[in-house]
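Structural overview for review
Residues per chain, in single letters:
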Amino acid sequence: MKKSIFLGLIVASALSLGACSSNKEDATQGSAKLRTSSKSEESSTLTQEEKIPTVNRAEYNVSFSEDWQGLKTSISKVVIAELSKSEMENQKLENRYVAQVYFKIENTSDKDFNVYPDQGTLVIEGQQIDADMWFSDDLGGEILHGVTKEGLVTFSIPKISNVDNVPNIRLIWRANFDTDNYNEESSKDFDVSFDLTK
């Protein structure tokens, strides 16, 4: 219940961008576009995202897509928010800021994968933050062939200078599959950077 309340408060309406393909093995660069909203903005039609008890939030539409041996992974959006003091108290949270990364993972191969974005790491403004599995969707673990998982990974962040002006982020997570062929590349460390100021 706690997880669904928190996620319901932070999750913004889904926006889709066409994903661009990248097959780099090392660090990968994605692209981004900023949308912001704050408590002071007024609108005649309030959406769920505008009712979130945050002080400020920024939505960065990003574009990352990679196909590794039939495991198609894409990231479409990053939301960074400053929570209100009342929300922090209601949820018994220590950190005032949160970042959420929107993943889609599709297994189009004939093998089963293990994926761990919900055990990933976020680098933001000089801080290294581990994913918060409690407030993340169930994306990690085994993903059988033919299965698609979509959801968000949440990171609880102690401090951010300005949620509307985060210069860049870096995401790292891992995926693998079981094999008896020791010559086959059976694990991958995803390492993706987004320049959020574009």
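In what follows, the accompanying structure is described. The structure displayed is predicted, hence computed values, not measured ones.

Reading the values: the criteria
- Residues numbered from 1 in each chain as written.
- Predicted model: local features only at pLDDT ≥ 70, side-chain atom pairs only at ≥ 80, totals over all residues.
- Heavy atoms only, no water.
- Helix = DSSP H or I, 4+ residues; strand = E, 2+ residues; numbered from the N terminus.
- Buried < 20%, exposed > 50% of the residue type's maximum accessible area, 1.4 Å probe, protein only.
- Contact = heavy atoms within 4.5 Å.
- Areas by Shrake-Rupley, 256 points an atom, 1.4 Å probe, with all protein chains shown as cover.
- Salt bridge = Lys/Arg side-chain N within 4 Å of Asp/Glu carboxyl O.
- Patch = residues over 30% accessible without salt bridge, like charges linked within 9 Å, V, L, I, M, F, W, Y side chains within 5 Å.
- Lys, Arg positive; Asp, Glu negative; His and termini not counted.
- Charge placed at Lys NZ, Arg CZ, Asp CG, Glu CD.

Now for the overall build of the protein. Of the regular secondary structure elements, the protein holds 2 helices and 11 strands. Secondary structure elements in the protein, listed N-terminal to C-terminal, are α-β-β-β-α-β-β-β-β-β-β-β-β. Here the protein, with 198 residues, has 46% of them falling under the buried criterion. Across the protein, every contact between residues at least 6 apart in sequence was considered, and the portion connecting residues at least 24 apart equals 71%. Summed over its atoms, the accessible surface of the protein is roughly 10,300 Å², and 45% of this surface lies on carbon and sulfur atoms.

Below, the discussion takes up the environment of Gly 151. Within the element layout of this structure, Gly 151 appears in strand S9 (residues 148–157). When the C-alpha positions of Gly 151 and Lys 104 are compared, they lie 6.7 Å apart, and in sequence the two are 47 residues distant.

Summed over all chains, the structure comprises 6 salt bridges. For Glu 66, the salt bridge identified is with Lys 188, shortest N-O distance 3.2 Å. Within this pair, whereas Glu 66 is found in strand S2 (residues 54–68), its partner Lys 188 is found in strand S11 (residues 187–195), the two being separated by 122 residues in sequence. Relative accessible area serves as the criterion here: at 2%, Glu 66 is assigned to the buried category. The class for Lys 188 is buried, based on a relative accessible area of 5%. Taking the shortest distance from any N to any O, the salt bridge between Asp 189 and Arg 174 comes out at 2.7 Å.

The grouping of Asp 112, Glu 142, Asp 178 and Asp 180 at the surface amounts to a negative patch. With respect to the secondary-structure elements, Glu 142 resides in strand S8 (residues 141–143).

Our next topic: unusual backbone geometry. The residue Lys 92 is not glycine, and still its phi comes out positive at about 55 degrees. In this structure, Lys 92 sits in the loop between helix H2 (85–91) and strand S4 (97–107). Note on Lys 92: relative accessible area 69%, which makes it exposed. Its identity as a non-glycine residue notwithstanding, Glu 125 has a phi of 45 degrees, on the positive side. By the secondary structure assignment, Glu 125 is in the loop between strand S6 (121–124) and strand S7 (127–130).

Spatial relationships are all this shows, so hold off on functional conclusions.
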